[in-house]
Amino acid sequence: MKTLLFPLFLVSTLLPAQSELPADFQQLLDSMDVRFTAPLDSDYQLGSRHDNDYLTHQYSLRSRREKLELRFYLQPENETNHYYRRPHMAATTLAMNLGSNDEDAVTAVHSFDDEELDLYQADWAKMYTFRPKRSFSDKQQAQLVALYREGRGMAYTVLLFDEAPITLEGRQLSLRFR
């Protein structure tokens, strides 16, 4: 009986803490009509803010078991933005700013097909895989999943890791439009 109660106690104490989002991030999600899927099947904890010149994320999670960090950034559509209705320019500029400037650094770009766009409920989406600048992360690899929906804005998920965990593909779906 004790072995049954202890796991139930753990689940009941961990799940609510993991599913609570900061009010400002939740408000952004709601205003942009973005769905956030929390990774509740691992040991994810709230990540710390990383001050840098390239991207100040609004929310982050990290897992020691998966050796993966997730950073999220939402940018509502705004007519005064330089990249208004130009998601390809906004995302590519961000990927180039986050990526290493080392001579041997390579950036791979994945274009999503119609089925994948439907999955994200996005009008436009790309995924960039690159080595991040050391001032952004000490991890060896980064993936930037950039999603755009007209009238809503850009939703970015940055995945940081040394070796890709088997859960990586599922974590790429952390943000989706509704």
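Coordinates for the structure precede this section.
Every residue gets a number counted from 1 within its own chain, in the order that chain's sequence is written. For a predicted model such as this one, the threshold for reporting local features is a pLDDT of at least 70, and the threshold for listing and counting side-chain atom pairs is 80 or more; totals across whole chains, interfaces and linings nevertheless cover every residue. The side-chain figures draw on all heavy atoms in the structure; neither hydrogens nor water molecules are used.

Q: Quick rundown of the overall build of the protein chain? Include the residues and the values.
A: The helix and strand tally for the protein chain stands at five helices and nine strands. Secondary structure elements in the protein chain, listed N-terminal to C-terminal, are α-α-β-β-β-β-α-β-α-β-β-β-α-β. Looking at the protein chain as a whole, 42% of its 178 residues qualify as buried. Any pair of residues with heavy atoms lying within 4.5 Å of one another is described as a contacting pair. Sequence separation of at least 24 residues holds for 55% of the intrachain contacts in the protein chain that already meet a minimum separation of 6. Counting from the N terminus, the helices are the DSSP runs of H or I reaching at least four residues and the strands are the DSSP runs of E reaching at least two. Burial here depends on accessible area, computed with a 1.4 Å probe over protein chains only, as a share of the maximum for the residue type. Under 20% is buried, over 50% is exposed, and the range in between is partly exposed.

Q: I'd like a rundown of the nonpolar core, residues and numbers included.
A: Grouping buried Ala, Val, Leu, Ile, Met, Phe, Trp, Tyr and Cys residues that are joined through side-chain atoms within 4.5 Å yields what is termed a nonpolar core. Counting 28 residues, the largest nonpolar core has Leu 29, Phe 36, Phe 72, Leu 74, Leu 147 and Leu 175 as the members making the most contacts within it. Ignoring any residue separated from it by four or fewer positions in sequence, one finds Leu 147 in contact with Tyr 120, Ala 122, Trp 124, Ala 125, Gly 153, Met 154, Ala 155, Leu 175, Arg 176 and Phe 177. Membership of the second largest hydrophobic core comes to 19 residues, among which are Trp 124, Phe 130, Ala 142 and Leu 160.

Q: How would you summarise helix 3 (residues 87-98) if you had to cite specific residues and measurements?
A: With 12 residues, helix 3 should reach 16 Å at 1.5 Å per residue; the first-to-last C-alpha distance of 16 Å fits that figure. Those residues of helix 3 that are buried lie in contact with strand 6 (124-130), strand 7 (141-149) and strand 8 (153-161). Residue count minus one, scaled by 1.5 Å, sets the expected span of a helix.

Q: Any chance you could break down the packing of aromatic side chains for me, citing the residues and the numbers?
A: Working definition: rings of Phe, Tyr and Trp (its six-membered ring) pair if their centres are within 6.5 Å, and the pair is stacked with planes under 30 degrees apart, edge-to-face with planes over 60 apart, and tilted otherwise. Under the definition given, this model contains eight aromatic pairs. Between the aromatic rings of Phe 36 and Phe 72, the centroid separation amounts to 5.2 Å while the plane-to-plane angle is 85°, which identifies the pairing as edge-to-face. Within this pair, whereas Phe 36 is found in strand 1 (residues 34-36), its partner Phe 72 is found in strand 4 (residues 68-76), the two being separated by 36 residues in sequence. The exposure class of Phe 36 is buried, given its relative accessible area of 15%. Put simply, the rings of Phe 25, Phe 36, Tyr 59 and Phe 72 touch in pairs and so form one group of aromatic residues. Only when the NZ atom of a Lys or the CZ atom of an Arg is both within 6 Å of the ring centre and within 35 degrees of the ring normal do we say a charge sits over the ring. The positively charged end of Arg 71 is found above the aromatic ring belonging to Phe 136, 4.5 Å away from the centroid. The positively charged end of Lys 133 is found above the aromatic ring belonging to Tyr 54, 5.1 Å away from the centroid.

Q: Report on unusual backbone geometry, specifying residues and quantitative values.
A: The residue Asp 33 is not glycine, and still its phi comes out positive at about 60°. The topology assignment puts Asp 33 in the loop between helix 2 (23-32) and strand 1. Despite not being glycine, Lys 67 shows a phi value in the positive range, around 55°. With respect to the secondary-structure elements, Lys 67 resides in the loop between strand 3 (59-63) and strand 4.

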